[in-house]
Amino acid sequence: MSGIELIFAAFALLAWGSGLLAVTSKQVVHAALWLVVALGSLAGVYLTLGAEVVALVQLLVYVGAVVVLVLFALMLTRAPIGISHDLDASRGRRLAAALCGLGVAGLLGGTLVAAVGDHEVDPDTATGSPSALGEAIFGGWLLPFEVLSLLLLAALVAALTVSRGGGER
Amino acid sequence: MIDLGMDLGEIVEVVVRAASIIVAFIALPLLLGQTEHKVMAHMQGRLGPMYPGGFHGWAQLVADGAKFAQKEEIIPAAADRSIFRIAPAVSLLPYAVALTAVPLSADLVGADLDCGLLFVLAAMSVGVLGPLMAGWSSANKYALLGGLRAGAQLLAYELPMVLAAASVAMAAGTLSLTGIAQAWEPWWLLWQAPAALVFLTAGLAELQRPPFDLPIADSELVVGPYTEYAGLRFAFFLLAEYAGAVVLSALFTVLFLGGWQGPFDDVLGPVWTLLKTGLMGIVIIWLRVSWPRTREDQLQRLAWTLLVPLSLAQLVLTAVVVVAV
């Protein structure tokens, strides 16, 4: 086992463990903070696979902005210190959620193993470098990229409309 | 057997690099703190910081350190203890990580990364979590309000900061910090001036330094998220502020002031970088002593109606010049 594989395994294990804690934690804010660890270790996984830019953007956008927004919203509403029993789901729903999670994991994992299980991938930094990624996005994938930005703009405008309500203001 | 893929020489090099970063990370913020004492004392006629130890009050920082180390560590009964404890580290460590990628000269850098700019910005953005965690876990109304203000402020100012940095990266055609400083030319001072202004303003807001110190506004919120902290943990938050100021000054130097470029820069390169960084540090202190605190709504309006459009306009200008020249 090489050093890089060991680091990959450590990050993967960390992502898995903190992800599990994020959904099972009995405290709302703790769940959000475990999400920080999960998303951060996912960035580590990307990094060990040679996808530098994706890893850093993951950190900048998800840890630095999305989770901060989640925490901000939690604190604005009601995030008591200690266990929140009123947020617990019933036993049946918990079971259903666990089954759904396991099912999705099995489906994705099975698909990946069946599709690329016997390939050995050599993580090279050349394809994940900023210039290669930039050329790919603004070369061959320009149209999907722009359509995606249009989608995000539409979502932004929609969010504004919904939050402002339909009244005359 | 684990194969690290490195021989002994490389391992020694990694250790030396890491050790130098740690030394710089401890020494530079303290130096900036000492400078702030003295510069503020001179600018505002403050007499206290000029006495301890005799000459020019050189021992003020030592006395502060001794005071913080002696104080009792208090954790409020209703606080979330684990989060309360790790919040100072979450504030401080990202700046140490960011410092590793900031170059002193073309070959004097902790880690010369291909996307160093993105790395530093990403690392700095994680530090935001510190005040939020501190504010929430303290079980104190003022601390929570301060944490909320910190969150809102940091979210608002992250965007113009990244856009301003993107303008320089676009001008240099690279995300590498050494590459940007090498591509820099004196006329960029004029060309990239709006981006520099936006970057400095947003950086000050990210650090929660005056005039953007609303989260810790002492006349309204005691000291915001840090209200319940005492002793060394409080000192860590202070250190995080100075470390952030050092990283911001160094990053500003590399992005907008050409880093190590100057007369005889093949020998004096690192000296130029340090000098410019020191100058930026003094500018940051100067802004602190000369501006009153803004109001919360003014702060948000400044970010969204002035800084974001300004940085977008700068991006357009940069693109036009890059394509035309």
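Preceding this section is the structure that the text describes.
Bear in mind that the values here come from a model prediction, so they are computed numbers and not experimental data.

Caption draft 1: Spatial organisation of the overall build of chain A. Looking only at helices and strands, chain A features seven helices and zero strands. Taking 169 residues into account, the globule formula puts the C-alpha radius of gyration at 15 Å, and chain A, at 20 Å, lies well above it. Counting all 169 residues of chain A, 22% fall into the buried class. Residue pairs in contact within chain A that sit at least 24 positions apart in sequence constitute 59% of those at least 6 positions apart. Of the roughly 11600 Å² of accessible surface on chain A, a fraction of 73% belongs to carbon and sulfur atoms. Treating the 7 positive side-chain charges of chain A as one cloud and the 11 negative ones as another, the clouds have centres 29 Å apart.

Caption draft 2: Spatial organisation of the overall build of chain B. Across its full length, chain B carries 13 helices and zero strands. Element order for chain B, N to C, with α for helix and β for strand: α-α-α-α-α-α-α-α-α-α-α-α-α. Radius of gyration (C-alpha) of chain B: 20 Å, near the 20 Å computed for a compact globule of 325 residues. Along the three orthogonal principal directions, the C-alpha set of chain B runs to about 60 × 55 × 50 Å. Looking at chain B residue by residue over its 325 residues, the buried ones come to 53%. Intrachain contacts of chain B at a sequence separation of at least 6 include 77% that bridge at least 24 residues. Here chain B displays about 14600 Å² of accessible surface, and carbon together with sulfur accounts for 72% of that area. Put simply, chain B has 16 plus and 24 minus side-chain charges, and the middle of one group is 14 Å from the middle of the other.

Caption draft 3: Representation of the interface of chain B and chain A in the model. Across the boundary between the two partners, chain B contributes 32 residues, which contact 29 residues of chain A. Taking both partners together, chain B and chain A bury about 2500 Å²; carbon and sulfur atoms supply 81% of that area. Seen at the junction of chain B and chain A, the total is zero salt bridges. Applying the counting criterion to the chain B and chain A interface returns one residue pair in polar contact (both at pLDDT 80 or more). Listing elements by their share of the side of chain B that touches chain A, those giving two or more residues are α3 (81-99), α4 (116-126), α5 (129-137) and α6 (141-172) of chain B. Residue composition of the side of chain B that touches chain A, grouped by class: 24 nonpolar, four polar and four charged.

Caption draft 4: A look at the nonpolar core. The biggest cluster of nonpolar side chains holds 73 residues, and the ones touching the most others in it are V120(B), Y157(B), F199(B) and L255(B). At 14 residues, helix α11 (residues 231-256) of chain B tops the list of elements feeding residues into this core. Beyond its immediate sequence surroundings of up to four residues, V120(B) is in contact with A98(B), A101(B), V102(B), L177(B), V247(B) and L251(B). With 37 residues, the next largest nonpolar core counts M75(A), V128(B), M133(B) and L148(B) among its residues.

Caption draft 5: Highlighting a nonpolar patch on the surface. All names here are of chain A. Where nonpolar side chains cluster on the molecular surface, the patch consists of V57, V61, Y62, V66 and V70 and spans about 340 Å² of accessible area. Within the element layout of this structure, V61 appears in helix α3 (residues 52-76). A relative accessible area of 35% means that V61 is categorised as partly exposed.

Caption draft 6: Local environment of the environment of M161(B). Residues and elements named next belong to chain B. Looking at where M161 falls in the secondary structure, it is placed in helix α6. Separated by 162 residues in sequence, M161 and V323 have C-alpha atoms that sit 23 Å apart. Apart from the residues lying within four places of it in its own chain, the contact partners of M161 are L121, M124, F199, A202, G203, E206 and L248.

Caption draft 7: Molecular detail of the packing of aromatic side chains. Residues and elements named next belong to chain B. Tallied over the full model, the rule gives 11 aromatic pairs over all chains. Plain terms: the ring middles of Y157 and F212 are 5.8 Å apart, the flat faces sit at 45° to each other, and that makes the pair tilted. Linking Y157 in helix α6 with F212 in the loop between α9 (193-207) and α10 (218-221), this pair joins segments that are 55 residues apart in sequence. Note on accessibility: Y157 and F212 belong to one class, buried. Aromatic rings pair up to connect F84, Y226, Y229 and F237 into one cluster. For the cation-ring pair, K67 lies above F68, with the distance from its terminal atom to the ring centre recorded as 5.0 Å. Positioned above the aromatic ring of W184, the side-chain terminus of K276 is 5.9 Å from the ring centre.

Rules and cut-offs
- Residues numbered from 1 in each chain as written.
- Chains lettered and ligands numbered in written order.
- Predicted model: local features only at pLDDT ≥ 70, side-chain atom pairs only at ≥ 80, totals over all residues.
- Heavy atoms only, no water.
- Helix = DSSP H or I, 4+ residues; strand = E, 2+ residues; numbered from the N terminus.
- Rg over C-alpha atoms; globule rule 2.2 N^0.38 Å.
- Buried < 20%, exposed > 50% of the residue type's maximum accessible area, 1.4 Å probe, protein only.
- Contact = heavy atoms within 4.5 Å.
- Areas by Shrake-Rupley, 256 points an atom, 1.4 Å probe, with all protein chains shown as cover.
- Lys, Arg positive; Asp, Glu negative; His and termini not counted.
- Charge placed at Lys NZ, Arg CZ, Asp CG, Glu CD.
- Buried area = accessible area lost by both parts, 1.4 Å probe.
- Salt bridge = Lys/Arg side-chain N within 4 Å of Asp/Glu carboxyl O.
- Polar contact = N/O pair within 3.5 Å; in protein donor to acceptor, adjacent residues only side chain to side chain.
- Nonpolar A, V, L, I, M, F, W, Y, C, P; charged D, E, K, R; others polar.
- Core = buried A, V, L, I, M, F, W, Y, C linked by side-chain atoms within 4.5 Å.
- Patch = residues over 30% accessible without salt bridge, like charges linked within 9 Å, V, L, I, M, F, W, Y side chains within 5 Å.
- Phe/Tyr/Trp six-rings, centres within 6.5 Å; stacked < 30°, edge-to-face > 60°.
- Lys NZ or Arg CZ within 6 Å of the ring centre and 35° of its normal.

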